[in-house]
Amino acid sequence: HALHSVLKNGNKDNQLCLQYQPLLNIKSGDTTECEALLRWKNHKGESIPADEFIPLAEKTNLIEKLNLFVIDEACKQQSIWQQSKNINMRININLSGNKIIFSKLLKRFIENVNHYNLNPNLFGIELTERTIHEVSKDTIKDLEQMREKGVKISIDDFGTGYSSLSYLKKLPITTLKIDKEFIVGLPDDKADHALVKAIITLGHSLNLDVVAEGVETYEQFAFLKKYSCDIAQGFYYHRPLPGNKISYLQLAA
Ligand code: G
Ligand code: G
Ligand code: MN
Ligand code: NA
């Protein structure tokens, strides 16, 4: 497998990299966080979509190495931003894997945060409803400790997993991210309209922040603002960018 050799040789030729998509705080207009998104350009220079190679990696033990790469990269980038002094953005990292992998990932995250001497509140973790089934009791304890230190914990692609809602009581979640599948039909589609309103209400009654993903138009944004959604993510506000391009962004004061 090509990805296997990339990881084995330590990503020497930089085929893998992270991009960062700034998120917009709807009420304040500030940009206080972003999401790290993995990108792969193979030796032929072809970009392989993440939703192709990540599910494949999840079927093998490659996903562990891939996640470790993402954690290391995101922490290194955050250290650079902190030293530059003019960027203060939480980085949200997507994590996936199984029970055994998760505890290793959290350990690596904490090692990195200590190594770079970073405040843990400069990070968030995104878990999908699918991966939540792989979170053990011990991992829940680890997540609770991280949460106490300021790490945000988001449920990604909310509403698309085959999942009961009981994890909302069991896990120290801070944030719901509404999947873009529900945003795309706003404001006209009756089902999307009803579902998005209901998810915002659910999130707020549980004291959670609500993020809308895949916001592409002004009309979608205006709907989200009207119904008090907290944060918007999508091409309407910003595309994902390489970490060194973020420094040129005109971030809100
Ligand atoms: O950015 P893009 O639309 O290509 O992402 C496609 C899918 O890949 C999304 O579901 C996203 O959550 C996932 N993804 C992107 N980056 C990462 C990553 O670093 N780790 C994991 N586990 N998933 C990621
Ligand atoms: O599954 P997850 O939410 O982690 O991944 C988010 C994915 O959505 C990324 O692959 C990112 O590139 C993509 N994305 C970000 N903004 C938009 C958008 O406005 N429209 C669409 N279609 N995709 C987006
Ligand atoms: Mn995500
Ligand atoms: Na998502």
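Conventions we followed
- Residues numbered from 1 in each chain as written.
- Chains lettered and ligands numbered in written order.
- Predicted model: local features only at pLDDT ≥ 70, side-chain atom pairs only at ≥ 80, totals over all residues.
- Axes fitted to C-alpha atoms, helices over the stretch in contact; angles between N-to-C directions.
- Helix = DSSP H or I, 4+ residues; strand = E, 2+ residues; numbered from the N terminus.
- Parallel < 35°, antiparallel > 145°, perpendicular 65-115°, else oblique.
- Left-handed = near helix turned anticlockwise from the far one by under 90°.
- Contact = placed C-beta atoms within 7 Å.
- Nonpolar A, V, L, I, M, F, W, Y, C, P; charged D, E, K, R; others polar.
- pLDDT = per-residue confidence, 0-100.
- Buried ≥ 20, exposed ≤ 12 C-beta atoms within 10 Å, placed from the backbone.
- Arc of directions from axis to C-beta.
- Core = buried A, V, L, I, M, F, W, Y, C linked by C-beta atoms within 7 Å.
- Near = placed C-beta within 6 Å.

## Some remarks on the packing of helix H4 (residues 99–115) against helix H6 (residues 137–148)
Here is step 1: Direction vectors running N to C along H4 and H6 enclose 25°, while the axes themselves pass 10 Å from each other. In terms of orientation, H4 and H6 fall into the roughly parallel class. Where H4 crosses over H6, the handedness of that crossing is left-handed. The residues of H6 that touch H4, namely those facing Phe102, Ser103 and Leu106, are Asp138, Thr139, Asp142 and Met146.
Here is step 2: Taken together, the residues of the contact of H4 with H6 sort by class into three nonpolar, two polar and two charged.

## Some thoughts on the confidence of the model for the chain
Here is step 1: Overall, the prediction assigns the chain a mean pLDDT of 93, with 98% of residues at 70 or greater.
Here is step 2: This complex was scored by the predictor with a pTM of 0.96 and an ipTM of 0.96.

## Considering helix H10 (residues 218–226)
Along an α-helix, residues three or four positions apart point the same way, because every turn accommodates 3.6 residues.
Here is step 1: All of the buried residues along H10 are Gln220, Phe221, Phe223 and Leu224. For H10, the angular spread of the buried residues around the axis is 160°, confining them to a single face. Away from its buried face, by an angle of more than 90 degrees, H10 presents the exposed residues Tyr218, Ala222, Lys225 and Lys226.
Here is step 2: On its buried face, H10 sits against helix H8 (180–183), strand S8 (209–212) and strand S9 (231–232).
Here is step 3: One or two positions beyond H10, positive phi appears at Ser228, with a value near 65°.

## As for the nonpolar core
For soluble globular proteins, the rule of thumb is that nonpolar side chains tend to be buried together.
Here is step 1: Within the largest apolar cluster, 59 residues are counted, with the highest numbers of intra-cluster contacts made by Ile91, Ile178 and Ala232.
Here is step 2: Looking at which element gives the most residues to this core, the answer is helix H3 (residues 62–84), with seven residues.
Here is step 3: Excluding residues that lie within four positions of it along the chain, Ala232 makes contacts with Leu24, Ile26, Ala212, Val215, Phe221, Leu224 and Tyr237.

## Quick notes on the site of ligand 1
Here is step 1: Around ligand 1 sit Leu37, Leu38, Pro49, Ala50, Asp51, Ile54, Val70, Asn94, Leu95 and Ser96, and that is every residue in its neighbourhood.
Here is step 2: When contributions to the shell around ligand 1 are tallied by element, the ones reaching two or more residues are strand S2 (33–41) and helix H2 (50–58).
Here is step 3: Tallying contributions element by element places H2 first for the shell around ligand 1, with three residues.
Here is step 4: Taken together, the residues of the shell around ligand 1 sort by class into seven nonpolar, two polar and one charged.

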